[in-house]
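Single-letter residue listing:
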Amino acid sequence: VRAVLHFGAKDDTSDDNVISVYATHFHHQNFTLGAESKQGVRQAEAKVLLQHVAEASVGPVLVATDFNQARRRDYDAEEWAVIAKGVF
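What you see is a predicted model, and the numbers here were worked out from it, not measured in a lab.

**Q** Any details on the overall build of the chain? Residues and values, ideally.
**A** Counting secondary structure elements, the chain contains 2 helices and 3 strands. If you list the helices and strands of the chain from N to C, you get β-β-α-β-α. Burial status across the chain gives 18% buried among its 88 residues. A total of about 6700 Å² of accessible surface is found on the chain, and carbon and sulfur atoms cover 55% of it.

Below is the structure:
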């Protein structure tokens, strides 16, 4: 993960009530991680983040990110052709 902010917020009514909040920004290009790998960098970032969540969080979790994923429905055909050429 390029960068992630993690903080825990505790409910004053209970020692067991802690919510973990994560904020991150996945890589803007989803390139693969080496010739042998079919795993994109965003997938690798998500795996690292989820591993940290599993190890460090004891209660509810909120993950906030934009995932940096282009969606075809957000662009007209000409714009998407430019995006697809650079992404795929």
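**Q** Outline the sheet that holds strand β2 (residues 18-24), listing residues and values.
**A** Reading across from one edge, β1-β2-β3 is the order of the 3 strands in this open sheet, with mixed pairing throughout. Whereas interior strands pair on both sides, the edge strands pair on one side only; in this sheet they are β1 (4-10) and β3 (61-64). Pairwise comparison of adjacent strand axes, ignoring direction, gives a mean angle of 15° for this sheet. Across 7 bridges, the pairing between β1 and β2 is antiparallel. Note on β2: the bridge partner recorded for V4 is T24.

**Q** Just give me the short version of helix α1 (residues 41-56), but keep the residues and values in it.
**A** Given a rise of 1.5 Å per residue, 16 residues ought to cover 22 Å, and the 22 Å separating the end C-alpha atoms of α1 matches this to within 8%. Every buried residue of α1 is accounted for by V41, R42, A44, E45, L49 and V53. Buried residues in α1 make contact with β1, β2 and β3.

**Q** How would you sum up the pattern of salt bridges? Please name residues and give values.
**A** One pass over the full model with this rule turns up 1 salt bridge. For the salt bridge of R71 with D74, the shortest nitrogen-to-oxygen distance reads 2.8 Å.

What counts and how
- Residues numbered from 1 in each chain as written.
- Predicted model: local features only at pLDDT ≥ 70, side-chain atom pairs only at ≥ 80, totals over all residues.
- Heavy atoms only, no water.
- Helix = DSSP H or I, 4+ residues; strand = E, 2+ residues; numbered from the N terminus.
- Buried < 20%, exposed > 50% of the residue type's maximum accessible area, 1.4 Å probe, protein only.
- Areas by Shrake-Rupley, 256 points an atom, 1.4 Å probe, with all protein chains shown as cover.
- Pairing = 2+ DSSP bridges.
- Axes fitted to C-alpha atoms, helices over the stretch in contact; angles between N-to-C directions.
- Expected span 1.5 Å × (residues − 1).
- Contact = heavy atoms within 4.5 Å.
- Salt bridge = Lys/Arg side-chain N within 4 Å of Asp/Glu carboxyl O.

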